[in-house]
Amino acid sequence: MKATLKTLILTTFIISVMLSACESQTKRMEQAQAFYKEGVELREQRRSEEAAEKFLQGLTVVQRSDKTIEAIQLEGQLCDNLGAMYLKHGLFEDAFEQHQQALHCFKQTSDSSGMMNAYRNSGRAVRAQEQYTQAKHYYDSAFRIATFVKDTAMLADLHLEMGRDYYMETGNFAKGIESVNRALECGLNDNDTDIAHMTLGILHYYTHEYDKAKGFLKEALRSERAGLKMSVYQTLYAIAYSEGDYQQAVQYHTLFSDNLVQSEAEHSHETMQRIKAEYELKAQQSELESLHRTRDLKLYLIIALTVIALLVILLIVRKKISDHKLEMEHFGRQVERDQNRIHELVSDMETLIRTNDELRRSQQSLSQKDFMMIEKIMARNKIMATAQALSEEINADSLDFELTDNDWKDFIGLTDLIFDGFSQRLLQLYPKLCQWDVRICCLSKNGFSNQVISILLDTQTESYYKRKTRIKQMKMDLGDDKRSFEEIVNAV
């Protein structure tokens, strides 16, 4: 009887523990699913930082749960969404890690749709880091799954994304045109259709098929997005200029400028001019302070030498007087010699003072010559002259230029001369920067606008913004720095 009672109590205890564990597991899953749903809603509302926090909270909960199929599937969804938030904020390496974890989870649950999205998102993350070969591998994997499950919408998105962000970036324009046309054949929404038309226009421009390019670009102008229209007008301007229709080119440039102001109000011309003026003033003040320090140092050195000389003279005189007190008969002649010696020393001091005055006048003359020489060098430098012309007015004459490596070398050397070895200090701080990155930083250091810099680099303004972001986040490792690219460069 006692044994039976003990067995009953033990059995009851075990069942209670199992029920409690099941209840705890169920609560954790419900809590994790609630965090996931809240994160998705916040993401749809474009509140990315709050959405990322919810996804992180859900991931923390689900990772403490038992590894059931349901828990692994939810973990994959949370990781994939969290990676998308990281990618949006430029945290490319963290985004890639999350997408890879999501891919691992989806493979465990045999979720084809989840694997397809994780492959595409992994491709986006490595493409943002300019790892194009690896990006192509992930995109191709997503293509294979989308083709297998016959997901037309995903195929359309993948074709458009490959044409715009992969083939155009790697210079395979023919393949890019083919890919975007396939996206249109699969069917796109209105916004993506406008992006596809803009992309086709740019790709046909690169292949010198101007008539086709203009047709697609004009179709893209149906969009209400100022940033998209800005890129369209920039390409139409380039086509009109290439065809010699300068009047039309001027009109397109005006429209480009209007949309540029609308989409990038924070980067207005007035702000850039203010920043340029402030840093030019700082540079002038720094140069003036350096000059004053040099002059003060020389003056202090002369005064110190003068005092030492006087002390030496006094010591010599005192010694002479002390020695000759014992020789009274030679006193008169010795005093005369001492007086002559003093006169000679005074004469030497006067000569020294005159020499010092001549050195000062020579230094001032030399400084004026240095400033004149710098101005002459600036006027002769092709990049400085071209950029100045583009800043004042963009027309056929100012756009007719060709820059060589020697021009860039001279320009960087001039920037180092003006800003006290800027490029060497820049590379010491950020050794990952390549030659083109240094050129961009030097152009920004000289205060030229984004528009002027993108024209000098022969690239789209939108691509130039992306390049600045990659330099800041990947080459400078300043992804968490709240300062703008220009503020970071000007702080060097």
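Residues numbered from 1 in each chain as written. Predicted model: local features only at pLDDT ≥ 70, side-chain atom pairs only at ≥ 80, totals over all residues. Heavy atoms only, no water.

### Re the overall build of the chain
For the chain, the count of helices and strands is 22 helices and 0 strands. Counting the 492 residues in the chain, one finds 40% classified as buried. In the chain, 59% of the contacts between residues at least 6 apart in sequence involve partners at least 24 apart. (Helix = DSSP H or I, 4+ residues; strand = E, 2+ residues; numbered from the N terminus. Buried < 20%, exposed > 50% of the residue type's maximum accessible area, 1.4 Å probe, protein only. Contact = heavy atoms within 4.5 Å.)

### Let's talk about the packing of aromatic side chains
Tallied over the entire structure, the rule returns 13 aromatic pairs. Taking the centre distance of 6.0 Å and the plane angle of 80 degrees together, the rings of Trp408 and Phe411 count as edge-to-face. Placement of the pair is Trp408 and Phe411 together in helix α17 (residues 405-418), with a separation of 3 residues, close to one helical turn. For Phe411, a relative accessible area of 0% puts it in the buried group. An aromatic cluster of three or more residues is present, and its members are Phe173, Tyr205, Tyr206 and Tyr210. Positioned over the ring face of Trp436 is Arg439, at 4.5 Å from the centre of the ring. The ring of Phe419 has Lys445 sitting right over it, with the charged end atom 5.2 Å from the ring centre. (Phe/Tyr/Trp six-rings, centres within 6.5 Å; stacked < 30°, edge-to-face > 60°. Lys NZ or Arg CZ within 6 Å of the ring centre and 35° of its normal.)

### Digging into the side chain of Lys472
Within the secondary structure, Lys472 sits in helix α21 (residues 461-475). Buried within the structure, Lys472 lacks any salt-bridge partner; its nearest side chain of opposite charge belongs to Asp481, at an N-O separation of 5.3 Å. A polar atom in the side chain of Lys472 sits 2.8 Å from the backbone oxygen of Asp481. When sequence neighbours within four positions are dropped, the list of residues in contact with Lys472 reads Asp477, Leu478, Gly479, Asp481, Lys482, Arg483 and Ile488. (Lys, Arg positive; Asp, Glu negative; His and termini not counted. Salt bridge = Lys/Arg side-chain N within 4 Å of Asp/Glu carboxyl O. Polar contact = N/O pair within 3.5 Å; in protein donor to acceptor, adjacent residues only side chain to side chain.)

### Some details on the nonpolar core
Leu443 and Met476 are the most contacted members of the largest nonpolar core, which has 66 residues in total. The element contributing the most residues to this core is helix α11 (residues 226-242), with 9 residues. Residues contacting Leu443, with those up to four places away along its chain left out, are Ile383, Trp408, Phe411, Phe448, Ile453, Leu456 and Leu457. In this structure, Leu103, Phe106, Tyr139 and Tyr167 belong to the second largest nonpolar core, which totals 46 residues. (Core = buried A, V, L, I, M, F, W, Y, C linked by side-chain atoms within 4.5 Å.)

### Comments concerning the side chain of Asn450
The residue Asn450 is located in helix α20 (residues 450-456) in this model. For Asn450, a relative accessible area of 6% puts it in the buried group.

### Looking at the environment of Ser112
Mapped onto the elements of the fold, Ser112 is located in helix α5 (residues 112-128). For Ser112, a relative accessible area of 29% gives the class partly exposed. Separated by 33 residues in the primary sequence, Ser112 and Ile145 have C-alpha atoms spaced 6.8 Å apart. What Ser112 contacts, discounting residues up to four positions off in sequence, is Ile145 and Val149.

### Digging into unusual backbone geometry
The phi torsion at Arg46 lies on the positive side, around 65 degrees, for a residue other than glycine. Relative to the helices and strands, Arg46 is located in the loop between α1 (2-44) and α2 (48-62). In this model, Glu130 sits at a positive phi of 65 degrees, which is unusual for a non-glycine residue. With respect to the helices and strands, the residue Glu130 is situated in the loop between α5 and α6 (132-149).

### Concerning a nonpolar patch on the surface
A grouping of Tyr300, Ile303, Val307, Leu311 and Leu314 is seen on the molecular surface, where their side chains present a nonpolar patch of about 510 Å² in accessible area. Inspection of the secondary structure puts Val307 in helix α13 (residues 269-324). (Patch = residues over 30% accessible without salt bridge, like charges linked within 9 Å, V, L, I, M, F, W, Y side chains within 5 Å. Areas by Shrake-Rupley, 256 points an atom, 1.4 Å probe, with all protein chains shown as cover.)

### Some words on a negative patch on the surface
On the surface, Glu93, Asp94, Glu97 and Asp480 cluster together into a patch of negative charge. Examined against the element boundaries, Glu93 turns out to sit in helix α4 (residues 92-109). (Charge placed at Lys NZ, Arg CZ, Asp CG, Glu CD.)

### A short note on α17
Here α17 spans 20 Å end to end across 14 residues, near enough to the 20 Å set by a 1.5 Å rise per residue. Asp420 sits one or two positions beyond α17 and adopts a positive phi of about 55 degrees. (Expected span 1.5 Å × (residues − 1).)

### As for the pattern of salt bridges
Per the stated rule, a full pass over the model turns up 22 salt bridges. Across the salt bridge formed by Lys468 and Glu486, the nearest N and O atoms sit 2.7 Å from each other. Of this pair, Lys468 sits in helix α21 while Glu486 sits in helix α22 (residues 485-490); the two residues are 18 residues apart in sequence, bridging distant segments of the chain. Neither residue differs from the other here; Lys468 and Glu486 are each classed as buried. Each of Arg127, Arg164 and Asp165 takes part in salt bridges that share partners, so that together they form one network.

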